Amino acid sequence: MKKFTFLAVVIMMVVAGCSKEKEKTTPEPENKTVETDKKETPTSVPSEKAMEVQNVWESGLAAVKNCVEKRIAQTKQKGLSGYIIIEAMIGTTENPQNVRIVDKKLAVDNIESCIIKYLGGLVFPTWGYKVKYQHPYNLNILY
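Throughout, residues of each chain are indexed from 1 in the direction in which the sequence is written. Owing to the predicted nature of the model, reporting of local features is limited to residues with pLDDT of at least 70; listing and counting of side-chain atom pairs is limited to 80 or more, with chain, interface and lining totals taken over all residues. To get the side-chain values, take all heavy atoms of the structure and skip hydrogens and water.

Draft legend 1. Representation of the packing of aromatic side chains within the structure. We call Phe, Tyr and Trp rings a pair once their centres come within 6.5 Å, taking the six-membered ring for Trp, and we label the pair stacked below 30 degrees between planes, edge-to-face above 60, and tilted otherwise. This model, assessed by the stated rule, comprises three aromatic pairs. Between the aromatic rings of Trp57 and Tyr133, the centroid separation amounts to 5.9 Å while the plane-to-plane angle is 10°, which identifies the pairing as stacked. In this pair, Trp57 is assigned in helix α2 (residues 50-59) and Tyr133 in strand β3 (residues 131-142), connecting sequence segments 76 residues apart. For the pair Trp57 and Tyr133, one class covers both residues: buried. Among the aromatic residues, ring-to-ring pairing joins Trp57, Phe124 and Tyr133 into one connected group. Numbering of helices and strands runs from the N terminus; a helix is a DSSP stretch of H or I covering at least four residues, while a strand is a stretch of E covering at least two. Burial classification: accessible surface area is computed with a 1.4 Å probe over protein chains only, and a residue below 20% of its type maximum counts as buried, one above 50% as exposed, and the rest as partly exposed.

Take a look at the structure:
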């Protein structure tokens, strides 16, 4: 009986010792601080300026058509149908910055510089932060 009691006490001490070691090796949960004070810059045109921005882009359609028509006259094409998508940074200056063609489906070569030159001169409203804006122009010019 003494051996049984002694053995029971030893087993309880081992089990109790193991559970304490387990608690010591378990890492403490970390407190992570999330910063909420940073103000995120909006990525879209303010709603009160959206229509004005749209109208300015649409006013550039005549310049785009002019560039395409000049190039068609030089290449003696019969006409074309397609689109271009322009991207620019607007919002902090009147003229768009970093104007570029991001996609196009027009069978006219060497019109990019003409289009970028004209659209770079458009005058937009400003609102104090930059927005990357894309605008499509659909063209259907037949001769």
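Draft legend 2. The arrangement of the state of the cysteines in detail. Any two cysteine sulfur atoms lying within 2.5 Å of each other are counted as a disulfide. Taken as a whole and judged by the stated rule, the model has one disulfide. Two residues, Cys67 and Cys114, share a disulfide whose sulfurs are 2.0 Å apart. Torsion about the S-S bond of the Cys67 and Cys114 cystine: about -80°, corresponding to left-handed handedness. Taken together, the positions of Cys67 in helix α3 (residues 61-75) and Cys114 in helix α4 (residues 112-119) put the pair 47 residues apart, joining distant regions of the chain. Using a relative accessible area of 3% as the deciding quantity, one classes Cys67 as buried.

Functional significance is not addressed by these values, which are geometric in nature.
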